[in-house]
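# Notes for the structure review
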Amino acid sequence: MFLRWLKSYPWFSLSVLATLWWLIYAQLSSWSILLVSAMGIAPETHLFAALSFFFYDVPKILMLLLAITFVMGIVNSYFTPEKTRALLSGRHEGVGNAMASLLGIVTPFCSCSAVTLFVGFLQAGVPLGVTFSFLIAAPMVNEIALVLLFGLFGWEIAALYLVMGLLIAMIAGFIIGKLNMESGLEDWVQNLRKLETQLTQTKLVFSERIDKGIATVKEIVGKVWLYVVMGIAIGAAIHGYVPADAMAPYLGSDWWSVPLAVLVGVPLYANAAGVIPIVDALMAKGAALGTVLAFMMATIALSLPEMIILRKVLRPKLMAVFIGVVSSGILLVGYVFNSVL
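A few points on the structure. Only a predicted model underlies this, so the values are computations on that prediction, with no experimental measurement involved.

## Considerations on the overall build of the protein
Looking only at helices and strands, the protein features 17 helices and zero strands. Looking at the protein as a whole, 49% of its 341 residues qualify as buried. Expressed as a percentage of contacts within the protein between residues at least 6 apart in sequence, the contacts between residues at least 24 apart total 83%. Total accessible area on the protein stands at roughly 16,200 Å², and carbon and sulfur atoms take up 70% of it.

## Remarks on the packing of helix α10 (residues 155–178) against helix α15 (residues 289–301)
At a minimum axis distance of 13 Å, the contact between α10 and α15 shows a crossing angle of 50°. Here α10 is positioned oblique relative to α15, judged by the angle of their axes. Relative to α15, the crossing made by α10 is right-handed. Residues I157, Y161, G165 and I168 of α10 form the contact with α15, whose own contacting residues are L289, L293, M296 and M297. Considering only residue class, the contact of α10 with α15 consists of seven nonpolar, one polar and no charged.

## A few points about the nonpolar core
Counting residues in hydrophobic clusters, the biggest one holds 77 residues, and the most contacted among them are F118, F132, Y161, M296, L314 and F322. Sorting elements by how many residues they give to this core places α15 first, with ten residues. Not counting residues up to four positions away in its chain, the partners in contact with F132 are F118, G173, I176, L314, L318 and F322.

## Topic: the packing of aromatic side chains
The full count for this structure, using the stated rule, is four aromatic pairs. With a centroid separation of 6.0 Å and an interplanar angle of 25°, the aromatic rings of W22 and Y25 are classed as stacked. Linking W22 with Y25, this pair stays in helix α2 (residues 10–26), spanning three residues, or about one helical turn. In textbook terms, an aromatic cluster arises when at least three aromatic residues are bridged by ring pairs, as seen for W21, W22 and Y25.

Cut-off values and rules
- Residues numbered from 1 in each chain as written.
- Predicted model: local features only at pLDDT ≥ 70, side-chain atom pairs only at ≥ 80, totals over all residues.
- Heavy atoms only, no water.
- Helix = DSSP H or I, 4+ residues; strand = E, 2+ residues; numbered from the N terminus.
- Buried < 20%, exposed > 50% of the residue type's maximum accessible area, 1.4 Å probe, protein only.
- Contact = heavy atoms within 4.5 Å.
- Areas by Shrake-Rupley, 256 points an atom, 1.4 Å probe, with all protein chains shown as cover.
- Axes fitted to C-alpha atoms, helices over the stretch in contact; angles between N-to-C directions.
- Parallel < 35°, antiparallel > 145°, perpendicular 65-115°, else oblique.
- Left-handed = near helix turned anticlockwise from the far one by under 90°.
- Nonpolar A, V, L, I, M, F, W, Y, C, P; charged D, E, K, R; others polar.
- Core = buried A, V, L, I, M, F, W, Y, C linked by side-chain atoms within 4.5 Å.
- Phe/Tyr/Trp six-rings, centres within 6.5 Å; stacked < 30°, edge-to-face > 60°.

Printed below as a string of structure tokens:
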């Protein structure tokens, strides 16, 4: 009934839903405090602080995820993987690196699923460096990360993260492309014949694009919501029970804090939705923004599962170059954020 109404009167229905979404979102902070107070927990306790954080951040981040994945699902109906491959194929370094990095923002692929597209792009004749720009940008500078950073830290931090993340993707891909390391691909990848992409000419009406948005919500939110809740639970524990100055000696702005954060983040595997609530809690406990963002970037862009999958595609020398270039960029971001904020 509701879906039929939504597709019959899409613009009116979306306007009503957006209004309701905003009215609920604006009240989440006060509702979380009322809920924890109704449990009879004293406001000055650690448990009150932890539960207030949890009951505020869970609906807040899930609502942001629902909204942005729905919108980006509609946007992505114009940017299918096949169209993306065709758009990037034949592009030269520089322009191609910039286009691939920008396309990474609107394509919601995690680091592991982006590897599959990495091979597909190579099949389609996309230059190696351009393909690496997409591989870096897709998981790290995606719409979910930007919306959550905006919701938690404001537009200035989100914009700075966007610029620095895109620069890492573009410059790293450009450097790898200029090194002419196609021989660093495994034989089976080098032997792939160029894929002639056949694009569908079917045009979707807006109601069908709404279906795409709903399907994207089911696919992405269905996969990440548990990680979001787990990340917020960890963040709530940090917020409520970790002393305010406990994180400063380890995740401060000292020169060694940023590489330490990267080393800690690489073995982990989390998407932006799961790790950003932890970043928020660490920030509240005195951790430096650049250091925790370096931790977040390393967790997303250099995760151990991604490296294992990439090893099937890349030889050790090219793997080492990829890790080294991206790590250097992440370290630079950490130091820049710590120096300007």
